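Examining the three-dimensional arrangement
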Amino acid sequence: MYRASTYQMRSGWNAMLPPRICRPALNGKLSVDHAVVGAGFTGLAVARRLKELEPETDILIIDGGTVGENASGRNSGFSGSDLPTVSMASASRADASADALSKQNVIAVFDAEGLAWLKDLVARYGIDCGLRQVGSFKAAVSERAAAALLRMSESASTQGRTLPVYKQDALEELTGTCFYRLAIRSESTHLFQPAALVRGLADHLPSDIVFHEGTTVSNIEKVGERWHLTCPQARISARNVILANNAFVKLLGYGKDRLVSLFTYVGVTERLGNRARLLGSLPEWGMTSAQRAGGSTLRRLSDGRCMIRSLYSYEAELKESVIRRRLLDRFRRRYPHLADIDFEYVWGGVTDVTRGGAPFWGELEQGLFISAGYNGSGVAKGTALGRRLAELVAGKVAQETVTGPLGRPGWLPPEPFRFVGVRGTAMYEEFRAGADAT
Ligand SMILES: Cc1cc2nc3c(=O)[nH]c(=O)nc-3n(C[C@H](O)[C@H](O)[C@H](O)COP(=O)(O)OP(=O)(O)OC[C@H]3O[C@@H](n4cnc5c(N)ncnc54)[C@H](O)[C@@H]3O)c2cc1C
């Protein structure tokens, strides 16, 4: 079982950056208006927005780990894509691509809001995280996935959007791999260095927000009108508590019947120097899989490295040796001419998955709020939902502004039925997706 805020391996993105001076751990007793648990994209957005809305209130952020080592500093660094993924289990249905596009249009409203805010903060504080609108491909290996992408491109054109199609040769010329049969392209995708972005946001918080790292909350209970949070060396009393701690919220007893923790993994090569030309003619690019579950994400970084994100494990991290071997195998299948290249960095991170894909969001009990369940795509969404949560806490919006358009997550059965259900669904998806799930 994993523990709150700890991962086996350091985030490679964070390791590429100069060391950062962390905030000290909290010692003693503290009484505040709002306590935000977690300093990833969600918690940082909640705290910043609350300060804008209620400048006179006391706001505390506590994080059990350090910023940059959380999922927010471990992800693939993609945001703003308007390309949905399709379940290959339903991809042959004529309307599956159109359905996926419509669903994506709803999510895109929140993503756009979150990304716009992030871009504004990056510009305002000069955060050096390489955030750029680079565009990205969504690629298919099998005939079935390629057909689904073609239908998606056609559906998009009926909505007045253009998603250009790239055949195998054209894609190989641009990205150096002939692994994929076909791809469609979105120009809206932004790529960035995740640890640099989240660290920049944390280090430019308004100075009157109290922020402590290395402070894990082990228990939350309501005493009278207030919430009491227990940490190893501290006790906190708060009027409102905002849980922004991703899948780790289950360790505090919340969301156990709504959230599944799936770990996924990243490998980044050394700098390839002259051989970076084997990654195609585009100097920087991103590529995601057409398949919803199990597919791989690829990136060519501007410094000549290649990143692959792939593999999943249920509720626990895989061993480093297993991750490295399996990621290298997937990388080499795409780049057999770089078979001698090893990864300089390998790491894992948790994603919180819900049944049906809706976030786990809103007020759980009076004064206790949560935003989680982003299903592997929480940079812009987590930022937007964090902002909205602050507005809910401050009484500026109703819960339905989010649960209306995005819905609520479905109930999950307890173990062992849950494991059987998740495993069964994953196996079926992987079977239907074939090579697209590798
Ligand atoms: C490998 C990988 C690739 C991904 N790729 C993308 C991508 O390209 N684009 C995208 O949009 N999303 C992506 N995601 C998802 C995205 O990273 C997350 O959805 C997002 O970062 C979640 O942010 P968060 O603030 O909710 O959680 P986190 O960043 O996990 O922050 C939660 C914080 O809570 C702290 N915490 C936990 N428990 C406690 C406790 N008890 N007490 C105190 N603190 C606690 C943790 O230390 C942590 O800092 C990816 C995720 C992974 C793992």
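Position numbers for residues count from 1 along each chain, tracking the sequence in the order it is written. Where totals are concerned, whole chains, interfaces and linings use all residues; where local detail is concerned, this predicted model gives features only for residues with pLDDT of at least 70, and gives and counts side-chain atom pairs only at 80 or more. Hydrogens and waters are ignored; side-chain quantities use all the structure's heavy atoms.

**Structural notes on the side chain of Glu-54**
The condition is simple: Secondary structure elements follow DSSP: runs of H or I no shorter than four residues count as helices, runs of E no shorter than two count as strands, and numbering proceeds from the N terminus. Burial classification: accessible surface area is computed with a 1.4 Å probe over protein chains only, and a residue below 20% of its type maximum counts as buried, one above 50% as exposed, and the rest as partly exposed. We count Lys and Arg on the positive side and Asp and Glu on the negative side, and we leave His and both chain ends out. What makes a salt bridge here is a side-chain nitrogen of Lys or Arg within 4 Å of a carboxyl oxygen of Asp or Glu, nothing more. The term polar contact refers here to a pair of N or O atoms within 3.5 Å; inside protein, the definition further demands a hydrogen-donor-capable atom paired with an acceptor-capable atom, and it admits residues adjacent in sequence only when both atoms are side-chain atoms. Contacts are assigned to residue pairs that have any heavy atoms within 4.5 Å of one another.
With respect to the element layout, Glu-54 can be found in the loop between helix H2 (41–53) and strand S2 (59–62). One buried charged side chain, Glu-54, makes no salt bridge at all; its nearest oppositely charged neighbour is Arg-239, positioned 4.5 Å away. A distance of 2.8 Å separates a polar atom in the side chain of Glu-54 from a polar atom in the side chain of His-34. With sequence-adjacent residues up to four places away left out, Glu-54 is seen in contact with His-34 and Ala-394.

**Thoughts on the sheet that holds strand S8 (residues 190–191)**
Test applied: A pair of strands is treated as paired once DSSP finds two or more bridges between them.
As summarised here, the arrangement of the 3 strands in space is S3-S8-S4, forming an open sheet in which the pairing is antiparallel. Of all strands in the sheet, those bounded by a partner on one side alone are strand S3 (78–79) and strand S4 (132–133). Bridge count between S4 and S8: 2 bridges; the pairing is antiparallel. Note that in S8 the partner of Gln-133 across the bridge is His-190.

**Remarks on the pattern of salt bridges**
If charged atoms from side chains of opposite charge come close, those side chains can pair. The full count for this structure, using the stated rule, is 22 salt bridges. Across the salt bridge formed by Arg-20 and Asp-203, the nearest N and O atoms sit 3.0 Å from each other. Linking Arg-20 in the loop between helix H1 (12–15) and strand S1 (28–37) with Asp-203 in helix H6 (residues 194–203), this pair joins segments that are 183 residues apart in sequence. For Asp-203, a relative accessible area of 36% translates into the label partly exposed. Between Arg-324 and Asp-342 there is a salt bridge, with its nearest N and O atoms 3.2 Å apart. Residue Arg-324 is found in helix H7 (residues 320–334), and its partner Asp-342 is found in the loop between H7 and strand S17 (343–354); the two are separated by 18 residues along the sequence. Arg-324 sits in the partly exposed class, given a relative accessible area of 22%.

**Remarks on helix H4 (residues 143–158)**
Applied cut-off: By definition here, a helix of n residues has an expected span of 1.5 Å times n minus one.
Here H4 spans 23 Å end to end across 16 residues, near enough to the 22 Å set by a 1.5 Å rise per residue. Gly-160 sits one or two residues past H4 and shows a positive phi near 80 degrees.

**Brief notes about helix H8 (residues 379–393)**
Between its first and last C-alpha atoms H8 spans 21 Å; for 15 residues at 1.5 Å apiece the expected length is 21 Å, and the two agree. For H8, the tally of buried residues reaches 15 of 15 residues, placing the bulk of the element in the interior. A positive backbone phi angle near 75 degrees is found at Gly-395, which sits one or two residues after H8.

**Re the nonpolar core**
Under the convention used in this document: The criterion is simple. A nonpolar core is a set of buried Ala, Val, Leu, Ile, Met, Phe, Trp, Tyr and Cys residues joined through side-chain atoms within 4.5 Å.
Counting 43 residues, the largest nonpolar core has Val-36, Leu-44, Leu-50, Ile-61, Leu-197, Leu-201 and Ile-242 as the members making the most contacts within it. Those elements that provide at least two residues to this core are H2, S2, helix H3 (96–125), H6, strand S9 (209–212), H8 and helix H9 (400–406). It is H8 that provides the largest number of residues to this core, a total of 7 residues. Discounting residues that sit within four places of it in the chain, Val-36 has contacts with Gly-43, Val-46, Ala-47, Ile-59, Leu-60, Ile-61, Ile-62, Ile-242 and Ala-244. The next biggest cluster of nonpolar side chains, apart from the first, holds 42 residues, and it includes Trp-13, Val-268, Ala-276 and Tyr-335.

**Topic: the site of the ligand**
Which entries qualify depends on this criterion: Here a residue is considered near a molecule or strand provided that any single heavy atom belonging to it is located within 4 Å of it. Only the protein chains shown count as cover for residues, and all accessible areas are computed by the Shrake-Rupley method using a 1.4 Å probe.
Around the ligand, the structure places 38 residues, and the nearest of them are Thr-42, Asp-63, Ser-72, Phe-78 and Asn-246. Residue Asp-63 places a side-chain N or O atom 2.5 Å away from an oxygen atom belonging to the ligand. Within the complex, the protein chains bury 96% of what would otherwise be the 1,000 Å² of accessible surface of the ligand. Contributions of two or more residues to the shell around the ligand are made by H2, strand S13 (259–269) and S17. Here the element with the most residues in the shell around the ligand is S17; it accounts for 3 residues.

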